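# Observations on chain architecture
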Amino acid sequence: LGTAPWSLKFLWGPIIDRFQYRQMGRRRPWILAAQTGMVLFLSAILLVPDPASNVLLVSIMFCVYNIFTSLQDVATDALAVDILRPNEIEQVNSYMFTSKSVGGIIGGAGLGSVINILGIKGAIALQIPILILIMLVPLYMTERPGEKRFPWNESKITNDSDIAEQPNFQLIFRNIKTAMNIKSAQLGILLSLTVSLSFFLIPVLPLLFVRELGWTEEQFNQTKGGVILIVTMLGYLVGGQLGKKLGGKATIIYAAIGTAITTTVWGLTEGMWSEGIFMMAIWSLRTFGWAVVMVNIYSLMMKVTWGEVGGTQFTGYMAMMNLSAIIGYQLAEPFASRFDYPTLFILAAAFETLVILAVLYIDPDQTRRELNVAHD
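One structure accompanies this document, and this report is about it. (Residues numbered from 1 in each chain as written. Predicted model: local features only at pLDDT ≥ 70, side-chain atom pairs only at ≥ 80, totals over all residues. Heavy atoms only, no water.)

With that settled, consider the overall build of the protein. Tallying secondary structure elements over the protein gives 15 helices and 0 strands in all. Its C-alpha radius of gyration of 22 Å places the protein within 12% of the 21 Å reference for a compact globule of 376 residues. Taking the principal axes of the C-alpha coordinates as reference, the protein spans close to 70 × 55 × 35 Å. Expressed as a percentage of the 376 residues in the protein, the buried residues total 48%. Pairs at least 24 apart in sequence give 81% of the contacts found in the protein among residues at least 6 apart. Of the roughly 18500 Å² of accessible surface on the protein, 66% is carried by carbon and sulfur atoms. Distance between charge centres in the protein, computed from 26 positive and 26 negative side chains, equals 6 Å. (Helix = DSSP H or I, 4+ residues; strand = E, 2+ residues; numbered from the N terminus. Rg over C-alpha atoms; globule rule 2.2 N^0.38 Å. Buried < 20%, exposed > 50% of the residue type's maximum accessible area, 1.4 Å probe, protein only. Contact = heavy atoms within 4.5 Å. Areas by Shrake-Rupley, 256 points an atom, 1.4 Å probe, with all protein chains shown as cover. Lys, Arg positive; Asp, Glu negative; His and termini not counted. Charge placed at Lys NZ, Arg CZ, Asp CG, Glu CD.)

Next up, the structure:
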């Protein structure tokens, strides 16, 4: 119930593109509405007398909470597509990805400790003021100069095109068709569907480390949640800077080649797998390289997205990336039952090179150039 809204979040795309209150911004009202819903439903869970005896009710409320959370996610991505300049996208995405990882650490380890001390309701009660503080960011900022900060303020927008009529669904889907006629946008579909196929290696790694190499589950989880997580965040930060300097497309290609080579070397050095330092080093190197790839792929998808239907098109790419990850995970069992560990690494390296084939022919500026997308 908690994850279902995320599987269907692409449905929010046409809705936020269709219904807008331009005087307060195209996306900001949706973000504020989502965050308000999150606060209300977390507060409502506190009113359930005994959550342990009302699991179904709490689960349904948590599902609704995640509907609002997924809306916030879609609206925030659409806002980034709308307002970021081309030379800002890679760097800002690196900050977004790193912040998400830091939030995961705080939410996972931090609130996990709070639950042990204060219980579930105590953890929820702590989240509510945190959410309200986060709301202050979109509440006191505007997307564009002249927009209302609050509904009762006077709008200072003078350009009629900025408060144009609401687009209908027919126009939105016609615009989607127009956007997808662009070659780079079509290749974005191919890239999105292949980007996570190598994820079949993720459920294989604990089997290798714990079953074959004798690591304890605690050692593996501490490494994955400690060193590897830190390396991932560094990859996001460095990837954003490289993307800004070298260009996102070039960064993806070089980083994907480097990652594929690293994965291949990992598969060909079975004799060194018993060395803990070697395994941590090569695991970290591969993780760093793929983090650089991913942050720039997200940036590239933003660049090939047409702002007029940013919510729908970009969320569609994200849904296809999720599908790619699902396919990758499903490949784990048939691959692991047929191939030995070195071969699995070679296969993962082959899948990692697939993104290069799609990226090579994507022109990041084609959508903006041909559809005259205006970026202030």
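Next, the rest of the story.
On to the packing of aromatic side chains. Enumeration according to the criterion identifies 19 aromatic pairs in this entry. Considering the side-chain rings of Phe209 and Trp215, the 4.7 Å spacing of their centres and the 80° angle between planes classify their relative orientation as edge-to-face. This pair shows no difference in class: Phe209 is buried, exactly as Trp215 is. Of the aromatic side chains, those joined through ring pairs into one cluster are Phe200, Phe335, Phe339 and Phe351. In this arrangement the basic side chain of Arg18 is found over the ring face of Phe169, its NZ or CZ atom lying 5.9 Å from the centre. (Phe/Tyr/Trp six-rings, centres within 6.5 Å; stacked < 30°, edge-to-face > 60°. Lys NZ or Arg CZ within 6 Å of the ring centre and 35° of its normal.)

Where nonpolar side chains cluster on the molecular surface, the patch consists of Tyr95, Ile230, Leu234, Leu237, Val238, Leu242 and Leu246 and spans about 580 Å² of accessible area. Examining the composition of the nonpolar patch, we find that 6 residues originate from one element, helix H10 (residues 227-246), more than from any other. Within the element layout of this structure, Tyr95 appears in helix H5 (residues 89-139). (Patch = residues over 30% accessible without salt bridge, like charges linked within 9 Å, V, L, I, M, F, W, Y side chains within 5 Å. Salt bridge = Lys/Arg side-chain N within 4 Å of Asp/Glu carboxyl O.)

What follows deals with the packing of helix H13 (residues 310-338) against helix H14 (residues 341-359). Contact pair H13 / H14: the axes reach a minimum separation of 11 Å and the direction vectors enclose 140°. With respect to each other, H13 and H14 are oriented oblique. The two elements H13 and H14 meet at a crossing, and its hand is right-handed. Between H13, through Leu331, Phe335 and Ala336, and H14, the contact on the second element is made entirely by Leu344, Leu347 and Phe351. (Axes fitted to C-alpha atoms, helices over the stretch in contact; angles between N-to-C directions. Parallel < 35°, antiparallel > 145°, perpendicular 65-115°, else oblique. Left-handed = near helix turned anticlockwise from the far one by under 90°.)

With respect to the helices and strands, the residue Arg27 is situated in the loop between helix H2 (12-18) and helix H3 (28-46). For Arg27, a relative accessible area of 0% puts it in the buried group. For Arg27, the side chain forms a polar contact with the main-chain oxygen of Ile16, separated by 3.3 Å. (Polar contact = N/O pair within 3.5 Å; in protein donor to acceptor, adjacent residues only side chain to side chain.)

The first and last C-alpha atoms of H10 sit 27 Å apart over 20 residues, in line with the 28 Å expected at 1.5 Å per residue. Every buried residue belonging to H10 is among Ile228, Val231, Thr232, Met233, Gly235, Tyr236, Gly239, Gly240 and Gly243, and all of these are buried. Within two residues after H10, Gly247 carries a phi angle of roughly 95°, on the positive side. (Expected span 1.5 Å × (residues − 1).)

What follows concerns the environment of Ala332. Structurally, the position occupied by Ala332 is in helix H13. With 101 residues separating them along the chain, Ala332 and Val231 place their C-alpha atoms 24 Å apart. Contact partners of Ala332, with chain neighbours within four places excluded, come to Phe200 and Pro203.

At a closest axis distance of 10 Å, the pairing of helix H7 (residues 183-194) and helix H12 (residues 276-303) adopts a crossing angle of 155°. Taken together, the axes of H7 and H12 lie roughly antiparallel to each other. Between H7 and H12 the crossing geometry is left-handed. Facing Gly188, Leu191 and Ser192 of H7, the residues of H12 in contact are Ile297, Leu300 and Met301. Of the residues that constitute the contact of H7 with H12, the class distribution is 4 nonpolar, 2 polar and no charged. (Nonpolar A, V, L, I, M, F, W, Y, C, P; charged D, E, K, R; others polar.)

The next subject is the nonpolar core. Counting 41 residues, the largest nonpolar core has Leu191, Ile297, Met301, Tyr317 and Val355 as its most contacted members. Mapped onto this core, the elements with two or more residues apiece are helix H4 (55-83), helix H6 (169-180), H7, helix H11 (248-268), H12, H13 and H14. Broken down by element, this core gets its largest block of residues, 8 residues, from H12. Excluding anything up to four places from it in sequence, Met301 contacts Gly188, Leu191, Ser192, Phe314, Tyr317 and Met321. Core analysis: the next-biggest nonpolar cluster, separate from the first, contains 23 residues, Phe200, Phe220, Trp266 and Tyr341 among them. (Core = buried A, V, L, I, M, F, W, Y, C linked by side-chain atoms within 4.5 Å.)

Another aspect to go through is the pattern of salt bridges. Going through the model one piece at a time under the given rule, you end up with 11 salt bridges. One salt bridge in this structure joins Asp17 and Arg27, with 2.9 Å as the shortest N-O distance. One end of the pair, Asp17, is in helix H2; the other, Arg27, is in the loop between H2 and H3, with 10 residues separating them in the sequence. Accessibility assignment for this pair places Asp17 and Arg27 in one class, buried. The partner of Arg369 in a salt bridge is Asp363, with the nearest N and O atoms 2.7 Å apart. Take Arg369: its relative accessible area is 48%, and that puts it in the partly exposed class.

Scope: geometric values only; no functional claims are made or implied.
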